[in-house]
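Residue strings, one per chain:
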Amino acid sequence: MTPVLPEFDPPTRVLKRAQYEAFAFELLDGDVRVRNESYADPDAHEYRVRIQDGVPDSCSCPADASSDGPCKHRVALAIRPRILELAVQMRVVTDGGSPPNGDDDTMDLPCECEQLSEDLPCWNCVDAGRRDLSE
């Protein structure tokens, strides 16, 4: 998946907040709920980011509606390509298609098993199907 951040060109302040604030993500039929856990009342800071053609297109937050550039919620999603990719795959499935089978040009993440105990594979190997948790 091609990174979407260059076409966003967010202000430095928005990019920094998208990086350091404690966001939680939930997949919603191809869109993503972004919840900012940095606040004492995170329920009041939960917004739906709409994904269009693999890009965080719009957000239900007030800042996205009133700003010329993308809000921190859209940028937070754009800088996390794995979550964005899963949202796109979910949209395909929700629309009645099938997710990619892994025979495309995407590169698997490198093995990090050596950093763990011998009994536990790294997530990259589990996700890529190189090892499973029962080994």
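In the nomenclature of an unreviewed UniProt entry, the protein chain corresponds to SWIM zinc finger family protein from the organism Haloferax chudinovii.

## Focus on the packing of aromatic side chains
Scanning the entire structure with this criterion turns up one aromatic pair. Summarising the aromatic geometry, the rings of Phe-23 and Phe-25 are spaced 6.4 Å apart at their centres and angled 40° between planes, so their arrangement reads as tilted. Phe-23 gets classed as buried once you look at its relative accessible area, which sits at 12%. Using a relative accessible area of 24% as the deciding quantity, one classes Phe-25 as partly exposed.

## Here's the deal with the nonpolar core
Formed by 16 residues in total, the largest nonpolar core has its most connected members in Val-32, Val-34, Val-49, Ile-51, Cys-59, Cys-61 and Leu-77. Where this core is concerned, the elements lending two or more residues are helix H2 (12-20), strand E2 (31-36), strand E3 (46-52), helix H4 (72-78) and helix H5 (81-94). Those residues in contact with Leu-77, other than ones at most four positions away along the chain, are Phe-25, Val-32, Val-49, Ile-51, Pro-56, Ile-83 and Leu-84.

## Some details on unusual backbone geometry
Although it is not a glycine, Asp-29 sits at a positive phi angle of roughly 50°. Topologically, Asp-29 is positioned in the loop between strand E1 (23-28) and E2.

## Section: the sheet that holds E2
Reading across the sheet, the four strands line up as E1-E2-E3-E4 and stay open at both edges, with antiparallel pairing between neighbours. Two strands lie at the open edges of the sheet, namely E1 and strand E4 (55-59), each paired on one side alone. Direction aside, neighbouring strands of the sheet carry axes that sit 35° apart on average. Pairing between E1 and E2: six bridges, direction antiparallel. Paired with Phe-23 across the strands is Asn-36, a residue of E2.

## A look at the pattern of salt bridges
Taken as a whole and judged by the stated rule, the model has eleven salt bridges. Residue Glu-21 is joined to Arg-17 by a salt bridge in which the shortest nitrogen-to-oxygen separation is 2.6 Å. One salt bridge in this structure joins Arg-50 and Asp-57, with 2.9 Å as the shortest N-O distance. The class of Arg-50 is partly exposed, set by a relative accessible area of 37%. Asp-57 gets classed as partly exposed once you look at its relative accessible area, which sits at 36%. Members of the salt-bridge network, linked through shared partners, are Glu-26, Arg-33, Arg-35, Glu-37, Asp-43 and Glu-46.

## Thoughts on the layout of surface pockets
Of the voids in this model, the second largest pocket is the one considered here, and its volume is about 260 Å³. Around the second largest pocket, the lining comprises 17 residues; the ones closest to its centre are Arg-17, Ala-63, Cys-71, Lys-72 and His-73. Of all the secondary structure elements, the ones that give two or more residues to the lining of the second largest pocket are H2, helix H3 (62-66) and H4. The biggest single contributor to the lining of the second largest pocket is H2, with three residues. Split by residue class, the lining of the second largest pocket holds nine nonpolar, five polar and three charged.

Cut-offs used in this document
- Residues numbered from 1 in each chain as written.
- Predicted model: local features only at pLDDT ≥ 70, side-chain atom pairs only at ≥ 80, totals over all residues.
- Heavy atoms only, no water.
- Phe/Tyr/Trp six-rings, centres within 6.5 Å; stacked < 30°, edge-to-face > 60°.
- Buried < 20%, exposed > 50% of the residue type's maximum accessible area, 1.4 Å probe, protein only.
- Core = buried A, V, L, I, M, F, W, Y, C linked by side-chain atoms within 4.5 Å.
- Helix = DSSP H or I, 4+ residues; strand = E, 2+ residues; numbered from the N terminus.
- Contact = heavy atoms within 4.5 Å.
- Pairing = 2+ DSSP bridges.
- Axes fitted to C-alpha atoms, helices over the stretch in contact; angles between N-to-C directions.
- Salt bridge = Lys/Arg side-chain N within 4 Å of Asp/Glu carboxyl O.
- 1 Å grid on protein atoms, 1.4 Å probe; cavity = no way out; pocket = protein on both sides within 12 Å on 5 of 7 lines; lining within 4 Å.
- Points joined across faces, edges and corners; volume = space filled by probe spheres on them.
- Nonpolar A, V, L, I, M, F, W, Y, C, P; charged D, E, K, R; others polar.

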